[in-house]
Amino acid sequence: MKRPTDLHDTFRRGLWRDNPVFIALLGLCPALAVTNSAINGVALGAATTFVLLTASTLVSSFRKVIPKQVRITTFIIIIATFVTVADLVLAAMAPAIHAELGAFIPLIVCNCLILGRQEAFAFRKPVKPAVVDAAGMSIGFTVALVMIGGIREILGSGTLFGVIVMPAGFEPWIIMILPPGGFFTIALLLALMAHLKARREARLPRHEDSEPEGAV
Amino acid sequence: MADPLPQTSSPPKPASSNLTVIDDDGARDGTDLCHGCDTKLPQAPQPSPLRLILTLGIAGSLSGLLLVTVFLATAPAIERNRIEALERAALDVLPGAERFEVFVEQDGRVVRHDPSLGSPSGTTVYAGFDGDGEPIGFAIPGSGPGFQDTLEILIGWDPFRRRVIGMAVLETRETPGLGDKIITDPDFTASFESLSVEPTAVLVGPGARSEENEVDGISGATISAQAIVNIVNDSVSAWDQRLPDLTTESEQSKDTTRERPEQAQ
């Protein structure tokens, strides 16, 4: 990279400015499906982080020997391999979380966030920025999942990370932990993000380089 | 696909082939000494088919090798977790049981599992005994269609009193907050602490249980609750005739004082 600050910038980009869920709208299927509790968000975020980091490292390391014509297939082989590894390791080490996440671990394979980062970044960059990018994006993804999961858990079950946080008389809004609650929550969060972005741009009329990256 | 970084210096690419979209950014930065090096980064848009086959073949083989390694490394732990969960549930559905023996189905008969043969294969039934070696009953498996997916449960069956004495859900994808009340609803689960299946167990309204063979329903989870009741009826009738007689089968219970009921052979 040209300047040392670029790495920092790459990291922050995924974490917030180009947040995969809130800005780029990538990986919404798991983001909506598993987030009926905050702990599920943490678990799926951790599994996705593992897969994205290993896939980006490998794709970036071998980007010179992978012919362009078969790059997508190779990405998928790499991603699918590490998703299966994550699935087996979780089943062996943390059966309770594995049972909770159920079908969503195998579905990390088709999370467009991961494939998108390989195509848009890891295949074109040296290993170091690719790893930094993967770390930023996956932490950003995890933060988003925990935010959605936290809001849905508080309103839908009256708890946060399993700890009761709402007053005793609180009647849980069951719809928040059902699928519609996921859509309500993400719509509200997107509106909030858009509002914050509009305010920031109003303050800084010419904010360079604020275009979000496109989806795959 | 937009490029992640602004590319002010790169000339517009010919749009004829999407294969030309990818370029090597490292080379533009002057950090890649091998830019244009034919062996590593072919400039020709079409590398030989052999190279494509080799790339995918090698990637696939390495992937397979890694997966087999991880699978073999984790398989014992995964199997142990599964059996532990099953055995925990077996003790749960047989109140008072402190140890159990494993029975397996063999040629249509249910026989004591010989531990020297290793882990049992096929369907297992657990016979639970209390601290004095008195038989309590069997934990028998059952499965059937729920609201979303197949439900798998374990049923505690007391063959002496001919009652279901416990029920645990092993596997469920029922709707969170509604269907998963089959695990959490106290009235519903309490119905299985002493439930007759003669003639059959039936689901009644929430809190309406008055007979031995009635199960309290769950409002909002009628289908899931009915599914559990159906599985209990089916499994008990399927297993009941085949279960061995614990009072004669078990050497620990030779001196049992528990009365045997009129036998259903």
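Residues numbered from 1 in each chain as written. Chains lettered and ligands numbered in written order. Predicted model: local features only at pLDDT ≥ 70, side-chain atom pairs only at ≥ 80, totals over all residues. Heavy atoms only, no water.

A. Representation of the overall build of chain A in the model. The helix and strand inventory of chain A stands at eight helices and two strands. Overall, chain A shows an N-to-C arrangement of helices and strands of α-α-α-α-α-α-α-β-β-α. Within chain A, the proportion of its 216 residues that are buried is 50%. Of the contacts made within chain A by residues no fewer than 6 positions apart, 73% connect residues no fewer than 24 positions apart. For chain A, the accessible area works out to roughly 9600 Å², and carbon and sulfur atoms hold 71% of it. (Helix = DSSP H or I, 4+ residues; strand = E, 2+ residues; numbered from the N terminus. Buried < 20%, exposed > 50% of the residue type's maximum accessible area, 1.4 Å probe, protein only. Contact = heavy atoms within 4.5 Å. Areas by Shrake-Rupley, 256 points an atom, 1.4 Å probe, with all protein chains shown as cover.)

B. Examining the overall build of chain B more closely. When helices and strands are counted, chain B shows six helices and eight strands. Counting from the amino terminus, chain B carries its helices and strands in the arrangement α-α-β-β-β-β-β-β-α-α-β-β-α-α. For chain B, the proportion of its 265 residues judged to be buried stands at 42%. The contacts of chain B with a sequence gap of at least 6 include a subset with a gap of at least 24, amounting to 52%.

C. Local environment of a nonpolar patch on the surface. All names here are of chain B. A cluster of nonpolar side chains, contributed by Leu50, Leu54, Ile58 and Leu62, occupies part of the molecular surface with about 420 Å² of accessible area. Mapped onto the secondary structure, Leu62 falls in helix 2 (residues 49-93). Relative accessible area serves as the criterion here: at 54%, Leu62 is assigned to the exposed category. (Patch = residues over 30% accessible without salt bridge, like charges linked within 9 Å, V, L, I, M, F, W, Y side chains within 5 Å. Salt bridge = Lys/Arg side-chain N within 4 Å of Asp/Glu carboxyl O.)

D. Just the packing of aromatic side chains, in detail. All names here are of chain A. Tallied over the full model, the rule gives five aromatic pairs over all chains. When the centroid spacing of 5.5 Å and the interplanar angle of 70° are considered together, the rings of Phe75 and Phe123 count as edge-to-face. Of this pair, Phe75 sits in helix 4 (residues 71-93) while Phe123 sits in the loop between helix 6 (112-122) and helix 7 (127-157), and the two are 48 residues apart along the sequence. The pair formed by Phe75 and Phe123 is uniform in burial state, with each residue classed as buried. (Phe/Tyr/Trp six-rings, centres within 6.5 Å; stacked < 30°, edge-to-face > 60°.)

E. Structural context of the pattern of salt bridges. Taken as a whole and assessed by the stated rule, the structure comprises eight salt bridges over all chains. Among the salt bridges present, the one from Asp133(A) reaches Arg117(A), with a minimum N-O distance of 3.0 Å. Placement of the pair is Asp133(A) in helix 7 and Arg117(A) in helix 6, with a sequence separation of 16 residues. Take Asp133(A) and Arg117(A): they sit in the same class, and that class is buried. By sharing partners, the salt bridges in this structure join Arg162(B), Glu198(B) and Asp240(B) into a single network.

F. Structural view of the nonpolar core. With 40 residues, the main nonpolar core has Val21(A), Phe22(A), Val51(A), Ile79(A), Leu101(A) and Ile108(A) as its most contacted residues. Breaking this core down by element, the ones donating at least two residues are helix 2 (28-33), helix 3 (38-61), helix 4, helix 6, helix 7 and helix 8 (179-203) of chain A. Apart from the residues lying within four places of it in its own chain, the contact partners of Phe22(A) are Ala144(A), Met147(A), Ile148(A), Leu189(A), Leu190(A) and Met193(A). Grouped together as the second largest cluster of nonpolar side chains are 35 residues, Ile140(B), Ile182(B), Val197(B) and Ala201(B) included. (Core = buried A, V, L, I, M, F, W, Y, C linked by side-chain atoms within 4.5 Å.)

G. Main features of the environment of Leu178(A). Residue and element names in this part refer to chain A. With respect to the element layout, Leu178 can be found in the loop between strand 2 (163-164) and helix 8. Assessed through its relative accessible area of 14%, Leu178 is described here as buried. Once the C-alpha coordinates of Leu178 and Leu32 are considered, the two residues, 146 residues apart in sequence, prove to be 9.8 Å apart.

H. Fine view of the sheet that holds strand 2 (residues 109-112) of chain B. Residue and element names in this part refer to chain B. With respect to topology, six strands assemble into an open sheet ordered 2-1-3-4-5-6, the strand pairing being antiparallel. One side of each edge strand has no neighbouring strand; the edge strands of this open sheet are strand 2 and strand 6 (163-171). Direction aside, neighbouring strands of the sheet carry axes that sit 30° apart on average. When strand 1 (residues 99-106) meets strand 2, the two strands line up antiparallel, connected through four bridges. Bridge pairing links Glu105 to Val110 in strand 2. (Pairing = 2+ DSSP bridges. Axes fitted to C-alpha atoms, helices over the stretch in contact; angles between N-to-C directions.)

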